[in-house]
Amino acid sequence: YEAVDALGRKGFLKALDYSSAFSNGLDVDTLNRMTGAYIFERNLLSQCSDKKLKYVVRIMDHGRFAPTADQLPPGVSYNFPVDYIVLEMADHSVRNLIDLSQAFDNAWALRSLHNVAVGIEEMHGIQIAHQDVKPSNVLLFDSQHLSKLGDVGRSSSITTPAEHDDYCCAGDPKYSPFEQLYKYSHPDWKTRRFSCDMFMFGNLIMTYFNNVSITISVLRKLPPSCYPANWGDTYEAILPQLQNAFAECLNDFNHSIEKDLRDELISMVKQLCCPDLLVRGDLKNKHLGNQQYSLRRYITRLDFLARKYEYQIKKVIL
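Computed from a prediction, not measured in an experiment: that's the story for all the values here.

### Focus: the sheet that holds strand β8 (residues 146-149)
Here is step 1 of the chain: With respect to topology, three strands assemble into an open sheet ordered β5-β7-β8, the strand pairing being antiparallel. Each edge of the open sheet carries a strand with a single partner, namely β5 (92-93) and β8.
Here is step 2 of the chain: When β5 meets strand β7 (residues 138-141), the two strands line up antiparallel, connected through two bridges. The residue of β7 that forms the bridge with serine 93 is leucine 139.
Here is step 3 of the chain: Across the face of the sheet, helix α4 (residues 106-125) comes into contact with β7 and β8 while running at roughly 35° to β8.

This is the structure:
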């Protein structure tokens, strides 16, 4: 819902309706799951706001509302509380702003990707992994000049366990890393979570410039017997097929992009989305442990590329 406070500031209100837990009598397990998810998301958003993360959506308010009898939905005869979170209001998300099948401004795309990469790195800095980076969760502000990460409900915190931590895919499977689809879970939390965010960010680059996720692209090149639902062997055994299909997808990368930029983007996706998570990312930092999964190198490069194309636009305008 759109909400407005006494000062006229608009926000996006996300309400948690507990009526499903009461629909057939009180279902305590359902209620516990719902309230646990609400508390986790509220506290995580508050933590991000308290730490002043610039590229993660900011929480404006939260609380509980008890509707009066005349405010109850049709057919509901009992009163129940509604917990809510109010977030800063975005102008759009990447998903509904543009048709990604059409060519769009490289400067805008590169700056948006830079903002998202900084947002992920900010979250990692406070030991939180987003886990659901995709176009609909990239929110646009200031007339689309600023991109922020939204919807942290499937995030993972090293200090605060959540029910979805046990899910094979905490986020959208269409954008998830291959190891999750094949039910492989690395035992180290940072390796598992940060490498997932790294993959999903690389997948975002792929989607911005090709209008399809690398996850879907690779799976389409596999025989049905190798699909995650049909695979009965280990993840290590499927890696060669994934690597071959992955290389084919990189060769298919949008050929309408000018060569220098295309080569840069392919190099990034190749590192960020490598099916083998142990060689994913910046291998120059592999000896530094989890620094291998840092996005700092890509943040610097995307900033340089964005500035380059922004400068070209200014030259045309002038």
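### Quick notes on the pairing of strand β2 (residues 10-17)
Note on strand geometry: in a regular strand, side chains alternate between the two faces of the sheet.
Here is step 1 of the chain: Across three bridges, strand β1 (residues 2-4) lies against β2 in antiparallel orientation. Opposite glutamate 2, over in β2, you have phenylalanine 12 as the bridge partner.
Here is step 2 of the chain: Linking β1 back to β2 in an antiparallel pair, the connection comprises five residues, with glycine 8 at a positive phi of about 85°.

### Here's the deal with the sheet that holds β2
Here is step 1 of the chain: Pairing is antiparallel across the open sheet formed by four strands, whose spatial order is β1-β2-β4-β3. Among the strands making up the open sheet, the edge pair consists of β1 and β3 (59-65). Strand after strand, the sheet turns through a mean of 35° between neighbouring axes, direction not considered.
Here is step 2 of the chain: Where β3 lies against strand β4 (residues 82-88), six bridges are found, and the strand directions are antiparallel. Considered in β4, the bridge of isoleucine 59 is made with leucine 87.
Here is step 3 of the chain: Packed onto the sheet, helix α2 (residues 28-50) meets β2, β3 and β4 and runs at close to 150° relative to β3.

### Points about the state of the cysteines
Here is step 1 of the chain: In this structure the tally under the stated criterion is zero disulfides.
Here is step 2 of the chain: Between cysteine 168, a cysteine without a disulfide, and cysteine 169, which holds the nearest cysteine sulfur, the sulfur-to-sulfur distance is 6.6 Å.
Here is step 3 of the chain: You can call cysteine 168 partly exposed: its relative accessible area is 41%.

### Structural notes on a nonpolar patch on the surface
Here is step 1 of the chain: Taken together, Leu278, Val279 and Leu283 make up a surface patch of nonpolar side chains, about 230 Å² in accessible area.
Here is step 2 of the chain: Summarising the element assignment, valine 279 is placed in the loop between α9 (259-272) and α10 (296-317).

### A short note on the environment of lysine 148
Here is step 1 of the chain: Residue position: lysine 148 is located in strand β8.
Here is step 2 of the chain: Exposure remark for lysine 148: the relative accessible area of 10% places this residue in the buried category.
Here is step 3 of the chain: Sequence spacing of lysine 148 and aspartate 165 is 17 residues, and the spatial spacing of their C-alpha atoms is 23 Å.
Here is step 4 of the chain: What lysine 148 contacts, discounting residues up to four positions off in sequence, is Lys54, Tyr55, Val56, Val57, Glu88, Asn137, Val138, Leu139 and Phe141.
Here is step 5 of the chain: Side chain to side chain, lysine 148 and glutamate 88 meet in a polar contact 2.8 Å long.

Criteria and cut-off values
- Residues numbered from 1 in each chain as written.
- Predicted model: local features only at pLDDT ≥ 70, side-chain atom pairs only at ≥ 80, totals over all residues.
- Heavy atoms only, no water.
- Pairing = 2+ DSSP bridges.
- Helix = DSSP H or I, 4+ residues; strand = E, 2+ residues; numbered from the N terminus.
- Contact = heavy atoms within 4.5 Å.
- Axes fitted to C-alpha atoms, helices over the stretch in contact; angles between N-to-C directions.
- Disulfide = S-S within 2.5 Å.
- Buried < 20%, exposed > 50% of the residue type's maximum accessible area, 1.4 Å probe, protein only.
- Patch = residues over 30% accessible without salt bridge, like charges linked within 9 Å, V, L, I, M, F, W, Y side chains within 5 Å.
- Areas by Shrake-Rupley, 256 points an atom, 1.4 Å probe, with all protein chains shown as cover.
- Salt bridge = Lys/Arg side-chain N within 4 Å of Asp/Glu carboxyl O.
- Polar contact = N/O pair within 3.5 Å; in protein donor to acceptor, adjacent residues only side chain to side chain.

Shape descriptors only; they carry no functional weight alone.
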